[in-house]
Amino acid sequence: MLNKYVRREIRREGIKNLKRRYFLNILIIFVTSVIINGGYSLASGRINYTDDKSVSTTLDMVEESKTDVEKNVEAGINAMEETVSTSDFLTKDLSDSTNTMGRGLDLSNASIIYKFILNIFGIDSVPDPSKISTTSAQYYGGVASVFVNEITGSQSFIFGVLNGVNEVVFKGKVASSIIIFLFAILSIFVFVFVKNVIVVGKNRYYLEQRRYQETGPGELLFPYKNKRLKNISAVMFMKYLFQVLWNLTIVGGFIKRYEYLLIPYIVAENPEIGKRDAFKISKLLMEGDKYKAFLIDVSMLPWYILSYFTFNLSGLFFSDAYIECVRAELYMRIRTEKKESLPLELRKWLNDDMLAIDHVENREHPSGVEVLDLPTVDIHSLKHDYMRKYSFLSLTQLFFTYSLVGWLWEVGLYLAQSGHFYNRGTLHGPWLPIYGVGGILIILLLRPIREKPGPLFAATVGVCGGLEYFTSWILEKLFNAKWWDYTGYFLNLNGRICLEGLLVFGMAGLAFSYILSPMIDDMYMKVNEKTRKIVCLVLIVIFILDIIWSVMSPNVGEGITSGLV
């Protein structure tokens, strides 16, 4: 079916489809690359998508010089011995391959497997933990910096997480391990529900734009429309998992790459299809045409080479989008020719015949109502009245409550990290007034936007960030000392505030506004009002005395203003 004349026609149609919406086609492929790869490098060759890792192996090995490969293999031997307990025979094969390469011979089978696995995850070589330790990296403070440094240094999410866990858990940073695992879970979530499914949105766009002139960039969000995200992510994750496992067999991975080739397009046509049927349809449609589809990829090799030598500029402005147009055309050609030969129970899934029309329409494809499949929380269903106006007595109690909670949090965190008790804070008493002031400012200043969680989160970040920055500056000017220093933290500003802390403040602000403040206030209101007044008065007197004492004799010392963890 895919003879040389058909393949030539598919490439010609790809050119036509690219030219029809050139700038938008280029923009879509650029945005997709940024989402999947975290950026678009003009110096590292063409982009590699989640569903294209295995085929890039051959191209990457062609592009690499023998010296680079030799260095990678040598690095791999050392790193795998230290990090993944490689078996003796694999280590021996890798060592042998290094020696034979020095004599100009081919890689051994084990070396090819090793190289192939690295290409699956887009890694140049397995990182040596001792060479990418966070203590010598650009950012050396905070949990986010650990994660950022390890991912960047290892060039891989998987190895980055392993090294990050090693840094946090096995080097005494037990308390921070909880947070880094949250970062890891978040990254896995992004991979499964964003990076791995945005390919489907990209495919949907190119399928529609080949026949509908007014197709918009919103089709990139196709996986999130009509509440089909869970199904799409499940199918795409199984495709990714099976491909990774088959890649371990080398030949099997190459064959399965083309057997699974159409799955993202099938899901893009019908997001309701199940995993089993998506795999079956792709297998039947590609039966007898896997090698010919491979020949189409081979015909694109000159574009890959040109992209490499032009620092990916030719890929950015032409070939990457052109290849996507060709692949969309390939899917529709195979679908048109073989749909009727499918069993009825499978044929029913390929039901978007509006994609298969034989002419170009000057309109947009009627793809249905666009409803983002994002989880929402109904704040009006919360148990406590979060829109209440707090009395002065309640505000006083909340101030001391949050000041105490902040003190307990920091003392506990430093105790877990260092094994020592430090009386954290500017005062001598068991309170950190900056937490109390922040909580009160959120309650008083941000009440008008309390019905809108998004703006409330952003405003909380701004208010707390401003408070923390100003407090740090004022304390340093008054006492010539620092009670906290974020220098070395990821995205910090003069060491006074950092992104990691601001995000925590934003989440805490939501908790303060919707849950904690009204719940604590309800609990305090059950106490006799006279008793509440007496307690508040006593706390205020002690607090004022503590301020006077701390001005005369500031709370400084190890773990407080020096030797900060």
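Numbering of residues starts from 1 in each chain and follows the order in which that chain's sequence is written. Residue-level local features of this predicted model are given only where pLDDT is at least 70; pairs of side-chain atoms are given and counted only at 80 or more, and the full residue set underlies all totals for whole chains, interfaces and linings. For side-chain calculations, the full set of non-hydrogen atoms in the structure is used, while hydrogens and water are omitted.

Caption draft 1: Looking closely at the side chain of K225. Numbering goes from the N terminus for both helices and strands, where a helix is a DSSP run of H or I of at least four residues and a strand is a run of E of at least two. Inspection of the secondary structure puts K225 in the loop between α10 (198–209) and α11 (229–247). Counting of polar contacts relies on pairs of N or O atoms within 3.5 Å, with two restrictions inside protein: one atom must be capable of donating a hydrogen and the other of accepting it, and residues adjacent in sequence are counted only when both atoms are side-chain atoms. A distance of 3.1 Å separates a polar atom in the side chain of K225 from a polar atom in the side chain of E219.

Caption draft 2: Structural detail: the pattern of salt bridges. Each reported salt bridge corresponds to a side-chain nitrogen of Lys or Arg within 4 Å of a carboxyl oxygen of Asp or Glu. Taken as a whole and assessed by the stated rule, the structure comprises 24 salt bridges. Measuring nitrogen to oxygen at the nearest pair gives 2.8 Å for the salt bridge that ties E269 to R335. Residue E269 is found in helix α13 (residues 263–269), and its partner R335 is found in helix α17 (residues 313–338); the two are separated by 66 residues along the sequence. When sorted by exposure, E269 lands in the same class as R335, which is buried. Within this structure, K202, R257, D297, E324 and R327 form a network of salt bridges that share partners. Using a 1.4 Å probe on the protein chains alone, a residue whose accessible area is under 20% of its type maximum counts as buried, one over 50% counts as exposed, and one in between counts as partly exposed.

Caption draft 3: Quick peek at the confidence of the model for the chain. On a scale of 0 to 100, pLDDT captures the predictor's confidence in every residue. For the chain, the mean per-residue pLDDT works out to 78, and 70% of the residues sit at or above 70. Only heavy atoms matter for contacts: two residues are in contact if any of them lie within 4.5 Å across the pair. Here residues 41–110 scores under 50 on pLDDT; set against residues more than four positions off or in separate chains, the count is 122 contacts. Per-residue pLDDT stays below 50 along residues 129–137; that stretch engages in 18 contacts with residues further than four places along the chain or on separate chains.

Caption draft 4: The packing of aromatic side chains, seen in detail. Here a Phe, Tyr or Trp ring, Trp counted by its six-membered ring, pairs with any other such ring whose centre lies within 6.5 Å, and the pair is stacked when the planes are under 30 degrees apart, edge-to-face when over 60, and tilted otherwise. For the structure on display, the rule yields 24 aromatic pairs. Aromatic side chains F254 and F294 sit 5.1 Å apart centroid to centroid with 75 degrees between the ring planes, which places their arrangement in the edge-to-face category. Taken together, the residues span a long stretch of sequence, with F254 in helix α12 (residues 251–259) and F294 in helix α15 (residues 290–299) at a distance of 40 residues. For F294, a relative accessible area of 25% puts it in the partly exposed group. Summarising the aromatic geometry, the rings of W431 and F543 are spaced 5.5 Å apart at their centres and angled 75 degrees between planes, so their arrangement reads as edge-to-face. Highlighted residues: W431 in the loop between α19 (392–418) and α20 (433–445) and F543 in helix α23 (residues 529–552), separated in sequence by 112 residues. What makes F543 buried here is its relative accessible area of 13%. Only lysine NZ and arginine CZ atoms are considered, and such an atom sits over a ring when it is within 6 Å of the ring centre and within 35 degrees of the ring normal. For R257, the ring lying beneath its charged end belongs to Y258, and the centroid distance is 4.7 Å.

Caption draft 5: Representation of the environment of H365 in the model. Within the secondary structure layout, H365 lies in the loop between α18 (344–347) and α19. Separated by 150 residues in the primary sequence, H365 and T215 place their C-alpha atoms 6.7 Å from one another. Other than its neighbours up to four places away in sequence, H365 contacts R204, E208, Y212, D352, M354 and L355. Of the polar contacts made by the side chain of H365, one reaches the side chain of R204; its length is 3.5 Å. Polar contacts involving the side chain of H365 include one to the side chain of D352, which spans 3.3 Å.

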